[in-house]
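Each chain, letter by letter, is given below.
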Amino acid sequence: MRTIRIDGTKIKDPASFFDEFARVFGFPAFFGRNMDAWIDCMTNLDEEFNAVCVQPGELVCVALDGAADFKAQCPEMFQAFVECASFVNWRRLEIGEPAILVVSFNV
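Since this is a predicted model, take the numbers as computed values, not measurements.

A.B. asks: Sorry if this is basic, but what is going on with the sheet that holds strand E1 (residues 2–7) here?
C.D. replies: The pairing of strands in a sheet comes from backbone hydrogen bonds and takes either a parallel or an antiparallel form. One open sheet accounts for 3 strands, arranged E1-E2-E3; its pairing is parallel. Looking at the sheet topology across the chains shown, the edges are occupied by E1 and strand E3 (101–104). The sheet shows a mean angle of 25° between the axes of neighbouring strands, taken without regard to direction. In the sheet, E1 pairs with strand E2 (residues 60–65) via 6 bridges, with the strands oriented parallel. Bridging across to E2, Arg5 finds its partner in Ala63. Against the sheet, helix H1 (residues 14–25) touches E1 and E2, its axis set at about 145° to E1. Along the sheet, helix H4 (residues 75–94) contacts E2 and E3; its crossing angle with E3, the most-contacted strand, is approximately 150°.

Right, dumping it as structure tokens:
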């Protein structure tokens, strides 16, 4: 499993959420900076799509440091993150691919 750390203290609004994930995961230049585009990028972490790329079947642990700050500063975006991370795995399972995301945080 590959662990990628996200600094939740840097997330103050949707724009900073997309900035932090794009920076850490190396999303492509055409990343649309919305949750649909985020889901697409995170779904394809086992393809040469982002700077972070894992082998097929390998899991990515998103370790969300400062999650309590993120949740307090931007509760709607925090909830969207949790729901969309779950959706990424559901989407993959629906097409016969293994789940790809594990999320770790403490609020």
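Alright, that's what it looks like, and here's the rest.
A.B. asks: What is the right way to look at the packing of aromatic side chains in this model?
C.D. replies: Think of a pair of aromatic rings as described by two things: how far the centres are apart, and how the planes are tilted against each other in angle. In total, this model carries 17 aromatic pairs according to the counting rule given. Aromatic side chains Phe17 and Phe18 sit 5.3 Å apart centroid to centroid with 80° between the ring planes, which places their arrangement in the edge-to-face category. Look at Phe17 and Phe70: their rings are 6.0 Å apart centre to centre, the planes differ by 35°, and that puts the pair in the tilted class. Taken together, the residues Phe17 in helix H1 and Phe70 in helix H3 (residues 67–73) connect sequence positions 53 residues apart. Taken together, the aromatic side chains of Phe17, Phe18, Phe21, Phe25, Phe27, Phe31, Trp38, Phe70, Phe78, Phe81 and Phe105 make up a single cluster linked through ring pairs.

Criteria and thresholds
In this numbering scheme, every chain counts its residues from 1 along its sequence in written order. Given that the model is predicted, a residue must reach a pLDDT of at least 70 before its local features are reported, and side-chain atom pairs must reach 80 or more before they are shown or counted; all residues, however, enter totals for whole chains, interfaces and linings. Side-chain metrics in this entry use all non-hydrogen atoms of the structure; hydrogen atoms and water are not considered. Paired strands, in this sense, are two strands between which DSSP finds at least two bridges. Helix and strand assignments come from DSSP, with helices taken as H or I runs of at least 4 residues and strands as E runs of at least 2, each series counted from the N terminus. Orientation is described by axes fitted as lines to C-alpha atoms, over the contacting stretch for helices, and by angles from 0 to 180 degrees between their N-to-C directions. Only heavy atoms matter for contacts: two residues are in contact if any of them lie within 4.5 Å across the pair. Pairing of aromatic rings covers Phe, Tyr and Trp, the last through its six-membered ring, and needs centres within 6.5 Å; plane angles under 30 degrees mean stacked, over 60 mean edge-to-face, and all others mean tilted.

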